[in-house]
Amino acid sequence: MSPWVPRGLREGVVTTRWPRRPDPYAEGWRGPATVLDPHPAGGADLAALCPASAISAAADGSVRLDQGRCVLSGRCVAERPEVFGWSRGPGHAALARDGLMVPRIPETEQALAAARAALRARTAGLRRSVHLRHVDAGSDGAEEQEILALLNPVYDIHRLGIFFTASPRHADVLLVTGAGAHGMAEPLRRTFAGMPSPKVVIAVGTDACGGGLLAGSYATSDGVGGVIPVDVWLPGSPPPPFSILHALLLAVGRLAVGRDQ
Amino acid sequence: MRPAGTGASPSRLIGSVPELWQAVTGSVAGGSRFAGLMATQRPGGVLLSAQLATPAASAAPAGIVTCEAAVPPGDGSYPALTPLLGAAFWYEREIHDLFGVIPAGHPRLEPLILPLGSERAAGQGGSRAPRPRPGRSGPEPAGIWPDEHALPRHVMGAGLFTIPHGPVRSGVLESIEYLVETPGEDIPHLNMRVFYKHRGVEKRFEGRPVADGVLLAERTEGVASVAHALAWCHALERIADAAVPWPAALVRVLHAELERLASHLDTAARLADGAGLAVATARFSLHKERVMRLVGRMCGSRFGRGVVIPGGVSALPEVSGRELQAEIGRLEQTIGSDARELMGTSSFLDRLRRTGPLRPERAREHGALGPVGKGSGFSDDARLARPYDAYPALGLGEPGHQEGGDALARLRVRWDEVHQSFHLIRQAADELGEASAGALRADCPAGDGRAVGWAEAPQGEVLYDVRAEDGHVTRCGIRSASYHNLVLFHEVFAGDILTDFPFIEASFGLSVAGVAR
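Residues numbered from 1 in each chain as written. Chains lettered and ligands numbered in written order. Predicted model: local features only at pLDDT ≥ 70, side-chain atom pairs only at ≥ 80, totals over all residues.

Focus on the overall build of chain B
Then step 1. In terms of regular secondary structure, chain B is built from 17 helices and 14 strands.
Then step 2. For 517 residues, the compact-globule formula gives about 24 Å, and the C-alpha radius of gyration of chain B, at 22 Å, lands near that figure.
Then step 3. Along the first, second and third principal axes, the C-alpha set of chain B runs to 65 × 60 × 45 Å.
Then step 4. Going through the 517 residues of chain B one by one, you find that 58% of them count as buried. (Helix = DSSP H or I, 4+ residues; strand = E, 2+ residues; numbered from the N terminus. Rg over C-alpha atoms; globule rule 2.2 N^0.38 Å. Buried ≥ 20, exposed ≤ 12 C-beta atoms within 10 Å, placed from the backbone.)

Below, the structure written as structure tokens:
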């Protein structure tokens, strides 16, 4: 017998049962910043707090935070803890770019509901077996590590019928990381075109959602949304494995409790 | 702790480019290591800055010395360094991409990180083509798109063909293209294209408040977030002449070593995966997950982001000293046991032995960094040679010596480093328990000036060459270990076949993000 067999058994089952059972690590995770008080005193000055320009202040002094630009610097939480806090848990993904705004823009509710219904209809056939393809469109390398972690024994996405595939021809879901480097625009488009329908695209990480700190660079497109159509937007710098798993399950309609519900 | 050689970094302006190369090659012949070549756009022309890692001498401690010379205004070219010093091969290609100046006499001046088709149309100087020109003030240039047609394709010899491998490869990997030229199984020649994920990071530093730079540094090369933040902050601390408080210096060491553990475990898992050892792959990726969760519990980020700030650290670990020691003890025991088993699994060792050999004399000549250099008997670990933060006071232990130069030697180096890291983490946690009262941050005013900062990432030494004016960054040159080491990939395939490729790539353990920036 290979000496590795007992080593694999020694620690018993280390795999999470999430989402069927709650997992304290998933629920306790510190996600992007969120707004606790949307109408604070002195709201007009708050926009300057964010080094990634995620905070905007309206004329009436109300503040809004774009989690799709939040790089988790924590400046706003440290400076104005009564206005900003950390979001908790893995559920940060949204089905529309505007869905990452906190507080939600009322006008986007209808568009979100429509996006949800359209995605549900499109992915009805993907429920039980899902194949993933990943493309790096200019990431810092951290998102890849977190996606790869889904294969380790703790997350083990094979238990959910989710597998990685080498060929875009066999892929249902495209995970895209990075700020949309110009050099990757064409390979990304070709990969997307090579996938059969129905297909779902998940933008993984703040850089993929809006370029993050690289927004405005001569070499990137401020996120991948300008290159291929994105269905699920997942902020985070980088998003941890549970958040990526949450976004995946949301994308294929296996989760009843996304942030949009 | 005051970093070695505080105050302004030594930099020398030399009259002309040929004299600069004379100084550089002379210094390298005298025992210095060529650590990088950067350029900066000045109103009058391009300034070339060569970085040299100098050994300790009676006059000065070991450090990084910068020698500079300007390309005369109006000249679109300068005599190349590469014919005199092969290690400058990629550096000069990159300078050509970013600034359009031509290193005359460069053996193969192909685009590296930003291919631009307009180069030939714009004539010899290339001055009309839009180039990023880091260091130039004013607004960032509008979108610059790489042009693949600017890249030649070489295939030579009867029966040879090219396998284009990338940029979208099988598996979850960063984007890079390997052009493998092969008659069928051997790999006589290999070309790399790293431009795909060029993000223009250095230009994004410019104009940013100095205080925000650390966020971008952490996101330059994600797998070495802490090391990049350290190198950036060391440069700023040198400009401000700030001394990092002792507890903060300890916290920095804790995070830097945990990052090294995670990275080396990742390499071990990839190598085991390549050899088809499913249980070993699962074990090492489980260990890595545990290390990353520990880091996450300590600071809220699985990559240690937000900990290192100019002048110190943002907070103490959110994990008690006893808890940290207990977790480290458990990890050390289980990782050590699995590592011993792996190094005794013959089917695994057979795949690594004599795979991807880097000759010791080439490693020395090139100044190969990190485990790649150490595996070939060349070691210039910044933690030992140019120590910073709490390293001068902590014992690194006896470094193991390897000179096999193959993938196996590089893995052995990593296990030695893992052993060392545990030793350092235990010491730092002990010291921190006694010293946790006190300031965590020294005043580090965003002054004017220029300095070089360095730190030892899991991949090897990272260098930041920072210039600041009025509290804003005017130029930030970044040289990651991945950049310096990846070029050696050209020469390690002697006698290897296609199926050795994943082992060689994993044994280098580099990140493309740090190369293409």
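Side note on the sheet that holds strand β6 (residues 130-136) of chain A
Residues and elements named next belong to chain A.
Then step 1. Ordered by their spatial adjacency, five strands build an open sheet running β7-β6-β8-β9-β10, and the pairing between neighbours is parallel. The two strands at the open ends of the sheet, each matched to only one other strand, are β7 (162-164) and β10 (232-234). Looking at each pair of strands side by side, their axes are set apart by 25 degrees on average, direction ignored.
Then step 2. Looking at chain direction, β6 and β7 are connected through three bridges and run parallel. Among the inter-strand pairings, Val-130 is bridged to a residue of β7, identified as Ile-162.
Then step 3. Here helix α8 (residues 241-251) sits on the sheet in contact with β7, β8 (173-177), β9 (200-204) and β10, set at roughly 170 degrees to β10. (Pairing = 2+ DSSP bridges. Axes fitted to C-alpha atoms, helices over the stretch in contact; angles between N-to-C directions. Contact = placed C-beta atoms within 7 Å.)

Thoughts on the domain arrangement of chain A
Residue and element names in this part refer to chain A.
Then step 1. Partitioning chain A into domains gives domain 1 (30-88) and domain 2 (108-251).
Then step 2. Between the C-alpha centres of domain 1 and domain 2 the distance comes to 26 Å.
Then step 3. With nine residues of domain 1 in contact, the opposing surface of domain 2 contributes ten residues.
Then step 4. Tallied by class, the residues present in the side of domain 1 that touches domain 2 amount to five nonpolar, three polar and one charged. (Domains from an automatic or database assignment. Nonpolar A, V, L, I, M, F, W, Y, C, P; charged D, E, K, R; others polar.)

Some points on the nonpolar core
Then step 1. A:Val176 and A:Ile202 are the most contacted members of the largest nonpolar core, which has 242 residues in total.
Then step 2. Broken down by element, the residue count for this core peaks at 16 residues, all from helix α7 (residues 246-274) of chain B.
Then step 3. Excluding its chain neighbours within four sequence positions, the residues that come into contact with A:Val176 are A:Val135, A:Ala137, A:Leu188, A:Val201, A:Ile202, A:Ala203, A:Val204, A:Ala208 and A:Val224. (Core = buried A, V, L, I, M, F, W, Y, C linked by C-beta atoms within 7 Å.)

Overview of the confidence of the model for chain A
Then step 1. Counting all residues, the mean pLDDT for chain A is 89, and 97% of those residues have values of 70 or more.
Then step 2. Contacts of residues 257-261 of chain A to residues separated by more than four positions or lying in other chains number 14 contacts, the stretch itself having pLDDT below 50. (pLDDT = per-residue confidence, 0-100.)

Topic: the sheet that holds strand β7 (residues 161-165) of chain B
All names here are of chain B.
Then step 1. An order of β7-β8-β9 is seen for the three strands of this open sheet, with the pairing classed as antiparallel. The two strands at the open ends of the sheet, each matched to only one other strand, are β7 and β9 (189-193). Strand-to-strand twist of the sheet, defined as the mean angle between neighbouring strand axes without regard to direction, takes the value 20 degrees.
Then step 2. By the bridge criterion, five bridges tie strand β8 (residues 177-182) to β9 in an arrangement that is antiparallel. Pairing of Val-180 across the sheet is with Leu-190, part of β9.

What about the domain arrangement of chain B?
Residues and elements named next belong to chain B.
Then step 1. Segmenting chain B into domains produces domain 1 (1-132) and domain 2 (201-485).
Then step 2. The centre of domain 1, based on its C-alpha atoms, is set 27 Å off from the matching centre of domain 2.
Then step 3. The partner domain 2 presents 30 residues to the 24 residues of domain 1 that form the contact.
Then step 4. Looking at the side of domain 1 that touches domain 2 element by element, the count peaks at six residues for strand β2 (residues 33-42).
Then step 5. Here the side of domain 1 that touches domain 2 is composed, by residue class, of twelve nonpolar, ten polar and two charged.

Observations regarding the interface of chain B and chain A
Then step 1. Taken together, the contact between chain B and chain A spans 48 residues of the former and 48 residues of the latter.
Then step 2. Mapped by element, the contributors of at least two residues to the side of chain B that touches chain A are α4 (201-205), α5 (213-218), α8 (278-299) and α9 (321-342) of chain B.
Then step 3. Sort the elements by how many residues they give to the side of chain B that touches chain A and α8(B) lands first, with eight residues.

Quick word on unusual backbone geometry
Residue and element names in this part refer to chain A.
Then step 1. Cis geometry is adopted by the peptide bond preceding Pro-103, which originates at Val-102 and carries an omega value of -10 degrees.
Then step 2. Looking at the element boundaries, Pro-103 is found in the loop between β5 (101-102) and α4 (108-122).
Then step 3. The omega angle of the peptide bond from Ser-197 to Pro-198 is -5 degrees, so this bond is cis rather than trans.
Then step 4. With respect to the secondary-structure elements, Pro-198 resides in the loop between α6 (182-194) and β9.
Then step 5. At Ser-53, a residue that is not glycine, the phi angle is positive and equals roughly 55 degrees.
Then step 6. Owing to 14 C-beta atoms within 10 Å, Ser-53 belongs among the partly exposed residues under this scheme.

Remarks on the environment of B:Val418
All names here are of chain B.
Then step 1. Relative to the helices and strands, Val-418 resides in helix α14 (residues 407-435).
Then step 2. Take Val-418: there are 23 C-beta atoms within 10 Å of it, and that puts it in the buried class.
Then step 3. It is 42 Å that separates the C-alpha atoms of Val-418 and Asp-470, two residues lying 52 residues apart in sequence.
Then step 4. The residues contacting Val-418, other than those within four sequence positions of it, are Leu-261, His-264 and Ile-335.

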